[in-house]
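# Secondary and tertiary structure notes
The lines below spell out each chain.
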Amino acid sequence: MTLQFQTLQDVSVKDMRVLIREDFNVPVARGVVQSDLRIRAAIPGIKQILKDAAQVILMSHLGRPEPGILQPAFSLQPVAERLQYLLEFPVTFIKEWPPKSIKPSDGLVLLENVRFLPGEIENDPRLAKTMADLCDIFVLDAFGSAHRAHASTVGVIEFAPKAVAGPLLTSEVTSLDRGMKNPKHPVVAIIGGAKISSKLEVLQSLTSIVDVLIIGGGMANTFLAAQHKTIGASLYEADLLASARDLLIRSEQQGCTILLPTDCVTQNDEHKSLDAVRAMDKIVDIGVATRKLFAEQISKAATILWNGPMGVFEDPRFAQGTKDVAKAIANSKAYSIVGGGDTLAAIEKINLTSKFSYISTGGGAFLEYIEGKSLPAIAALINKSKK
Ligand code: ADP
Ligand code: MG
């Protein structure tokens, strides 16, 4: 597969000022990073550039602060600390904008949250130009932010003297393409999570790619309701019944088999077949028979895509369905891709992260990529490579 954009491999950063856009949008509580998966994923790229560059500046967003006001809860300071610890290399954290006081002796620099800057989200060209002025080469390594057309993603690419993809972004794109474009069959996708509404386009895109589409989690309820099964008081989206029905019909026409749960666990921790679900019951996990059914299908796959927990995994009583799916994928020899914020939180808990072929740290961008959408920052890179 040939890439349509230039990568770090195609250029020399020797003695250059390099600005890297990272995705350090990680959960922070009371000034401490709660999951550093995204920071760790960025480290190989930073190390590689640090070896040769004259100066390395990192920038990222964190959360959704009010622009124009410094809000401590959204500061990247805790990320600077964690990064320094993981890299075993000093990190200079700079809050001022524009950062006029950067000295060569500052070594590796991390700038404060770009979303504090007015114009970031609007992709104000003046802000993008100020960012671009900080570098000789801009490196986009924030796959998780590539679906946003902001000043620090799209805008800066347009103004930078040169712009290339970093190693994380490059491996995200090549790994996801391997699962999505000409994948080895059979392809099995497992989609879960709370709602169909957030993933309708993902489901629609997958029915034309995969051989088997397994649906679990809260979103399975609407499909079950569309088949006139009883789901009691479970989470379900009445306004999406027609879409669910359409998807079931369309998938059949496309030769894609949809698998739905046949039994469940309810909020009182009772195991039930769907026929036994009562009006007051809430379905919170897939049942034992369903776990077996899903695992069997997963074991036959040559390519696996997984996004979305099978149940309310935050409660350990209702995490078993998600764990069993994770284990089935971990035991498979198939090429497996896993992504999604909550899905990663679930697999981090059970220490299975090393067993998948590829773990995407992309979150929302991962989902949009699977939908087959063009991500604006990647499109900007492609454009830049043509120039
Ligand atoms: P991801 O972030 O991996 O894409 P989602 O955000 O779509 O996943 O979904 C995760 C959420 O779905 C979790 O908070 C989980 O509790 C919820 N969920 C899963 N199954 C159910 C269910 N049966 N009923 C209600 N919520 C559920
Ligand atoms: Mg989520």
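Each chain has its residues counted from 1, following the order in which its sequence is written. For this description, chains carry letters from A and ligands carry numbers from 1, given in the order in which they are written. For this predicted model, a pLDDT threshold of at least 70 governs which residues receive local features, and a threshold of 80 or more governs which side-chain atom pairs are given and counted, while totals over whole chains, interfaces and linings are taken from all residues. To obtain the side-chain values, all non-hydrogen atoms of the structure were included, while hydrogens and water were left out.

Segments assigned H or I by DSSP are reported as helices when at least four residues long, segments assigned E as strands when at least two residues long, and all are numbered from the N terminus. The number of helices and strands found in the protein chain is 13 helices and 17 strands. What the globule rule says is 2.2 Å times the number of residues to the power 0.38, and the radius of gyration is computed from C-alpha atoms. Here the C-alpha radius of gyration of the protein chain, 22 Å, is about what a compact globule of 387 residues would show, namely 21 Å. Counting only C-alpha atoms and orienting by the principal axes, one finds that the protein chain spans roughly 70 × 45 × 35 Å. When accessible area is computed with a 1.4 Å probe and restricted to protein chains, residues below 20% of their type maximum are described as buried, those above 50% as exposed, and intermediate ones as partly exposed. Counting all 387 residues of the protein chain, 57% fall into the buried class. Note on definitions: a residue-residue contact is assigned when non-hydrogen atoms from the two residues lie within 4.5 Å. The contacts in the protein chain between residues at least 6 apart in sequence include a share of 72% that link residues at least 24 apart. Carbon and sulfur atoms make up 51% of the accessible area of the protein chain, which amounts to about 16,900 Å² in all. Of the side chains in the protein chain, 42 bear a positive and 41 a negative charge, and the two mean positions are spaced by 2 Å. Per-residue and other accessible areas were derived by the Shrake-Rupley procedure at a 1.4 Å probe size, with only the shown protein chains allowed to occlude residues. Only four residue types enter the tally: Lys and Arg on the positive side, Asp and Glu on the negative side; His and the chain ends are excluded. All charge positions are set by atom: Lys at NZ, Arg at CZ, Asp at CG, Glu at CD.

On to the packing of helix α4 (residues 151-159) against helix α13 (residues 376-386). With axes taken as lines fitted to C-alpha atoms, and helix axes fitted only over the stretch in contact, angles between N-to-C directions fall between 0 and 180 degrees. In contact at an axis separation of 8 Å, α4 and α13 are set at 10° when each is read in the N-to-C sense. Compared by their axis directions, α4 and α13 come out roughly parallel. Contacts from Thr153, Val154, Ile157, Glu158 and Phe159 of α4 reach α13 at Pro376, Ala377, Ala380, Leu381 and Lys384. Classification used: nonpolar for Ala, Val, Leu, Ile, Met, Phe, Trp, Tyr, Cys and Pro, charged for Asp, Glu, Lys and Arg, polar for all others including Gly. Looking at side-chain class alone, the contact of α4 with α13 contains seven nonpolar, one polar and two charged residues. Each angle receives one of four descriptions, namely roughly parallel if under 35 degrees, roughly antiparallel if over 145, roughly perpendicular if within 65 to 115, and oblique otherwise.

By size, the foremost hydrophobic cluster in this structure holds 78 residues, and its most contacted members are Phe138, Phe143 and Leu213. Broken down by element, this core gets its largest block of residues, six residues, from helix α7 (residues 219-226). In contact with leucine 213, other than residues within four places in its own chain, are Ala189, Ile191, Leu203, Leu206, Thr207, Cys256, Thr257, Ile258 and Leu259. Put simply, a nonpolar core is a bunch of buried Ala, Val, Leu, Ile, Met, Phe, Trp, Tyr and Cys residues held in one set by side-chain atoms that sit within 4.5 Å of each other. Grouped together as the second largest cluster of nonpolar side chains are 29 residues, Val11, Ile43, Ala80 and Val139 included.

Moving on to the pairing of strand β16 (residues 335-339). Residues in a regular strand point their side chains to alternate faces of the sheet. Most of β16 is tucked away, with five of its five residues classed as buried. Residues of β16 alternate between two faces, with Tyr335, Ile337 and Gly339 on one and Ser336 and Val338 on the opposite face, all of them buried. Think of it this way: DSSP has to see at least two bridges between two strands before they count as a pair. With five bridges connecting them, strand β15 (residues 303-307) and β16 associate as parallel partners. Paired with asparagine 307 across the bridge in β16 is glycine 339. Taken together, the two bridges between β16 and strand β17 (residues 358-359) define a ladder with parallel strand orientation. Residue isoleucine 337 lies in a different strand from β17, and its bridge partner there is tyrosine 358. You can see the chain leave β16, run along helix α11 (residues 341-349) and come back into β17, and the turn it takes is right-handed. Look down the strands so they point away from you; if going from the first strand over the helix to the second traces a clockwise path, that crossover is right-handed.

Here we come to the site of ligand 1. Residues in contact with ligand 1 amount to 18 residues; listed here are only the nearest, Ala194, Lys199, Glu314, Asp342 and Thr343. Whenever a nitrogen or oxygen atom comes within 3.5 Å of another N or O atom, the pair is scored as a polar contact, on the condition that within protein one atom can donate a hydrogen and the other can accept it, and that pairs from neighbouring residues in sequence are kept only if both atoms are in side chains. One of the backbone N or O atoms of isoleucine 283 is found 3.1 Å from a nitrogen atom in ligand 1. At 2.5 Å from an oxygen atom of ligand 1 is found a side-chain nitrogen or oxygen belonging to threonine 343. For ligand 1, whose unbound accessible area comes to 580 Å², protein coverage reaches 82%. Contributing elements (two or more residues each) for the shell around ligand 1: β14 (283-286) and α11. Per-element tally for the shell around ligand 1: the top contributor is α11, with three residues. Tallied by class, the residues present in the shell around ligand 1 amount to seven nonpolar, eight polar and three charged. Each residue is tested against the molecule or strand, and it is near if at least one of its non-hydrogen atoms lies within 4 Å.

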